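As a plain string of letters, each chain reads:
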Amino acid sequence: MKNIIYFWILCIGSLLISGCGLLDNSQQTQAEQGVLDLQDTTMQQDDTYILDGEWEFYWERLMEPSELDDIQPNVFLNTPGNWYDDNVQFSNHGYATYRLKILLPDGQDEKVLGMHIPDMNTAYTIWANGKELTSSGAVGTSQSEMQPKHHPEVTYFKTDKTLNLVVQVSDFHQRKSGWSDSIHIGRPEAIQNMRDANVAMEVFLVASLLMMGLYHIGIFILRPKDKSTLYFGGVCLAISMRTLLLGEVLLVRFIPSINWELSLKLEYLGSCVGMIFFLLFIHTQYREDMNNRVRNIFLLFFAGFAAFILITPARIYTEAMVVLQFFSGSALVYLIFVLIKALRKKRRGALLHITAMIILLFFVLNDILYYNHVLDTGETVSLGLLTYLFAQSFILSNVFTRALNQSEQLSKRLEKVNQTLEVKVEQRTQKLSETNRELEQANRRLESMYKSRQEMMSNISHELGTPLTSIQGYIKGMMDGVVDRNHPKYLQLVYNKTLFLRQIIQDLRELARLESDKMKYRFVKESIGTFVQSLAAGYRHEIERKDISFYFENQLDSDEVMVSLDYIRMEQVITNLLFNARKFTPSGGRIKMVLSTIIQNNESMVKIAVHDTGNGIQEDDLPKVFDRFYKGKSNENRSEEGVGLGLAICAEIVRAHGGRMGADSQERKGSTFYFTLPILERNV
């Protein structure tokens, strides 16, 4: 039991680090009196800057940049935040214009910058140096004139040394106004990386919640007597829906035409429905410790609030958000009280349950304070819910494991009883024996599936464990003062480990899409000679920079050999082979890429081969080089060089193109990796 607790403490620690933004590259800057001075910054490639602080504020005036040139501001408003939360109390329903002057460092003239614009409340238009950049919805001076929209944006633009931002915002549809999250600015690469990281984290959360939800609902369908799996699955699905409508608002990305009012209703309903299923789930686990009257009061409130959301517009039900937050917090506190009673009575799983619940309450309280602009930590309740639901999934798995063990023990006892039955019941005994054999076969199939999954999870755990251990080590060193927490070297090391973790997750997701034939290809008819020769010329410098000689040889028997290929995916395959060859070829070595034609199964094929003069691959390893997670003995001591998925992904891409991959190698003499593609036609 102690090992389980330690495991969850580590998970919670990692989520706390992610939620608190300790690894964020955003530079903490503050505007004063409508001016943000970035002249002393370096504006490096990986840095982003937040546009927080005092902006010029013009209430109930929708002004374009040209109209602001000769106006002296008399009101400055802190952002992010609602305009009715400042010292001057404006109405939360209205419209306004913001302006901010940004002084950029020398050398930024005519440079391209990127901007990440969060979800604003509830329509906006942005100008940069007098040019309109982007808009969301339609800004207006009344509810009938404006059109709300629920969508963050990323935009890129050229700028001079001084950047003047003008933002028009209007809100007549809900209680919030202005914007709640920071606007980020930086180099295009930094902004895109930040957007990708946000999307990757949200996709991971949604995918995890969806898998857990559908899995447990599937269990309920197969075994409807136990409703705990239904309620648990309902919690997972409700929270996954809510997560889709927060942060990067992935649901709007997937369904751009979704109505703003509907999307906001789904976000609020996710909280209500999630709490209903949550209360019912806890009740199934600890019936004796929960008061039915208190449970029913909470259920009636959340059901009534859900109905209130459905029948009223956002302008009305969003004003009652504080009431929903109060009852949600109260319900969680009551559930902790129930779990304390269960723990005192030594109920099974109560200790792990209450630990996860306390952490969840911490995240909920953080979000309540964040959405009421008391804290500026960001939305974290999804991470807390994921931690809690993982814990509950573990508890439910233990329950089913114990049930399976009891079933196996019962089968053994029945077998012994059957052996002692008299002859007159022999026929019944035979039927029972046949039933037992079928159960044993089913158990063996389950064990085989379990071992296969265990092996895959072991591989994934191993690959994820190495960078996680490094991250934990550096952070522990920072916490203990052994390592300077402000030293860029160690922060960069931690950041590099997180990038490696993200690459592992992306490789696994891409391999799964390839194997399930869900990857979309854009095949075009192309001259393979021209295509490969251009890639060889493009990557020559990258290879020769390591003091390696690089040669390209075109052995095609005609000027134009046409094939059908997807540019991006085929370049992915060739660059993977070239960079693998460069990785294992020492300085002074040689890499040669050869393009030729062969006859394979009575069909003309083009063959692309990459030869290197590295150490080669052991004979025992050669048949396994295209297996998932296989690195080979020669690569055992290479720390985080790869996870053994690149060649497996390449093999799936080539298979989709109608070809196949292969490899030849001799130890200490080098290796040759090649693949073939079917020829469409030849033009002499």
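What counts and how
- Numbers given to residues run from 1 along each chain, matching the order in which its sequence is written.
- Local features in this predicted model are restricted to residues whose pLDDT is 70 or higher, and side-chain atom pairs enter the listing and the counts only when it is 80 or higher, whereas totals over whole chains, interfaces and linings include all residues.
- Excluded from the side-chain calculations are hydrogens and water; all other atoms, namely the structure's heavy atoms, are used.
- Runs of E in the DSSP output that reach at least two residues are strands. Runs of H or I that reach at least four are helices, and both are numbered from the N terminus.
- With a 1.4 Å probe rolled over the protein chains alone, any residue whose accessible area is under 20% of its type maximum counts as buried; one over 50% counts as exposed, and the rest are partly exposed.
- Whether two residues are in contact is decided by their heavy atoms, any of which lying within 4.5 Å being enough.
- Using the Shrake-Rupley algorithm and a 1.4 Å probe, accessible areas are obtained, with residue cover drawn only from the displayed protein chains.
- Confidence per residue, as judged by the predictor, is encoded in pLDDT with a range of 0 to 100.
- Note on aromatic pairs: the rings of Phe, Tyr and Trp (six-membered ring only in Trp) are paired at centre separations within 6.5 Å, and the planes decide the class, stacked below 30 degrees, edge-to-face beyond 60, tilted for the rest.
- Criterion for a charge above a ring: Arg CZ or Lys NZ at most 6 Å from the ring centre, at most 35 degrees from the ring normal.
- Between N-to-C directions, angles cover 0 to 180 degrees, with each direction set by a line fitted to C-alpha atoms, over the stretch in contact for helices.
- Note on angle classes: values under 35 degrees are labelled roughly parallel, values over 145 roughly antiparallel, values of 65 to 115 roughly perpendicular, and the remainder oblique.
- Crossing chirality is assigned from the near helix's rotation relative to the far helix, an anticlockwise turn below a right angle marking it left-handed and a clockwise turn marking it right-handed.
- Note on definitions: salt bridges are taken to be side-chain nitrogens of Lys or Arg within 4 Å of carboxyl oxygens of Asp or Glu.
- Whether two strands pair depends on DSSP finding at least two bridges between them.
- By convention a nonpolar core is built from buried Ala, Val, Leu, Ile, Met, Phe, Trp, Tyr and Cys residues, the set being connected through side-chain atoms within 4.5 Å.
- N or O atoms within 3.5 Å of each other form a polar contact, as long as, within protein, one can give a hydrogen and the other can take it, and as long as residues adjacent in sequence are counted only when both atoms are side-chain atoms.
- Residues qualify for a patch when their relative accessible area is over 30% and they have no salt bridge, like charges being joined within 9 Å and the nonpolar side chains of Val, Leu, Ile, Met, Phe, Trp and Tyr within 5 Å.

Across its full length, the protein chain carries 15 helices and 23 strands. The proportion of buried residues among the 684 residues of the protein chain is 47%. Partitioning the contacts of the protein chain with sequence separation of at least 6, the portion at a separation of at least 24 is 74%. Accessible area of the protein chain: about 35600 Å², with a carbon and sulfur share of 52%.

Once that is clear, we can look at the confidence of the model for the protein chain. The predicted structure's coordinates, where accompanied by low pLDDT, should not be read in detail. When pLDDT is averaged along the protein chain, the result is 80; 78% of the residues meet or exceed 70. Across residues 16–23, where pLDDT falls below 50, the model places 11 contacts with residues more than four positions away in sequence or in other chains. Predicted confidence for residues 635–640 stays below pLDDT 50, and this span has 8 contacts to residues more than four positions away or in other chains.

Moving on, we come to the packing of aromatic side chains. Applying the stated criterion across every chain, the model contains 23 aromatic pairs. Consider the rings of Tyr98 and Trp179, whose centres lie 4.6 Å apart with planes at 55°: the pair is tilted. Taken together, the positions of Tyr98 in strand β7 (residues 94–103) and Trp179 in strand β14 (residues 178–179) put the pair 81 residues apart, joining distant regions of the chain. For Trp179, a relative accessible area of 1% translates into the label buried. One cation-aromatic arrangement involves Lys607 over Tyr674; the distance from NZ or CZ to the ring centre is 4.5 Å.

Turning our eyes to something else, we now look at the packing of helix α13 (residues 528–544) against helix α14 (residues 567–584). Remark: α13 packs on α14, axes separated minimally by 11 Å, with the N-to-C direction vectors making an angle of 40°. What the angle tells us is that α13 and α14 run oblique. When the axes of α13 and α14 are compared, the crossing they make is right-handed. On α14, the residues touching Phe531, Val532, Leu535, Tyr539, Glu542 and Ile543 of α13 are Tyr567, Met570, Glu571, Ile574, Thr575, Leu578, Phe579 and Arg582.

Take the pattern of salt bridges next. One pass over the full model with this rule turns up 10 salt bridges. Glu652 is the partner of Arg655 in a salt bridge, and the nearest nitrogen-oxygen pair spans 3.1 Å. Of this pair, Arg655 and Glu652 both sit in helix α15 (residues 646–656), 3 residues apart, roughly one helical turn. Under the relative-accessibility criterion, Arg655 is labelled partly exposed at 43%. Connected through shared salt-bridge partners, Glu542, Arg545 and Arg582 make up one network.

Taken in spatial order, the 5 strands of this open sheet run β17-β19-β20-β22-β21, and their pairing is mixed. Every other strand in the sheet has two partners, leaving β17 (549–554) and β21 (661–666) as the edge strands with one partner each. Taking each pair of neighbouring strands and ignoring which way they run, the sheet shows an average axis angle of 20°. Across the sheet, α13 lies against β17, β19 (590–600), β20 (603–612) and β22 (670–678), angled at about 175° from β17, the strand it touches most. Taken strand by strand, α15 contacts β21 and β22, and its axis lies near 135° from that of β21.

The next thing to look at is the nonpolar core. In terms of nonpolar packing, the biggest core is built from 44 residues, with Phe278, Ile282, Phe302, Leu335 and Met357 touching the most fellow members. Mapped by element, the contributors of at least two residues to this core are α2 (188–222), α3 (228–244), α5 (260–285), α6 (292–311), α7 (314–317), α8 (321–344) and α9 (350–371). The element best represented in this core is α5, accounting for 12 residues. Val561, Ile608, Val654 and Ala663 belong to the second-largest nonpolar core, a separate cluster that totals 39 residues.

Time to look at the packing of α6 against α8. Direction vectors running N to C along α6 and α8 enclose 155°, while the axes themselves pass 11 Å from each other. The angle between the axes of α6 and α8 places the two elements in the roughly antiparallel class. Note that α6 runs across α8; the crossing there is left-handed. In this structure, α6 contributes Val294, Phe298, Phe301, Phe302 and Phe305 to the contact, and α8 contributes Val323, Leu324, Phe327, Ser328, Ser330, Ala331 and Tyr334.

Moving on to the side chain of Asp289. Note on placement: Asp289 falls in the loop between α5 and α6. Judged by relative accessible area, which is 2%, Asp289 ranks as buried. Among the polar contacts made by the side chain of Asp289, one reaches the side chain of Lys345 at a distance of 3.4 Å.

Okay, unusual backbone geometry next. Geometrically, the link from Thr79 to Pro80 is a cis peptide bond, its omega value of -5° lying close to zero. Counting through the fold element by element, Pro80 comes out in the loop between β6 (76–79) and β7. Omega for the bond connecting Asn121 with Thr122 falls within 30 degrees of zero, at -5°, which places this linkage in the cis form. With respect to the helices and strands, the residue Thr122 is situated in the loop between β9 (120–121) and β10 (123–128). Even without being a glycine, Asn601 presents a positive backbone phi close to 55°. Topologically, Asn601 is positioned in the loop between β19 and β20. Positioned with a positive phi, Asn602 is a non-glycine residue whose angle comes to about 60°. Take Asn602: it is sitting in the loop between β19 and β20. When its relative accessible area of 80% is taken as the criterion, Asn602 is described as exposed.

Attention shifts here to a nonpolar patch on the surface. A cluster of nonpolar side chains, namely Met201, Phe204 and Ile505, defines an oily patch on the protein surface of about 240 Å² accessible area. For Met201, the position within the fold is in helix α2.

The next thing to look at is the pairing of strand β12 (residues 153–159). Within β12, 5 of the 7 residues are buried, which leaves the element mostly enclosed by the surrounding structure. Here 7 bridges tie strand β8 (residues 111–117) to β12, and the two strands are oriented antiparallel to one another. Residue pairing in the sheet places Gly114 in a bridge with Tyr156 of β12.

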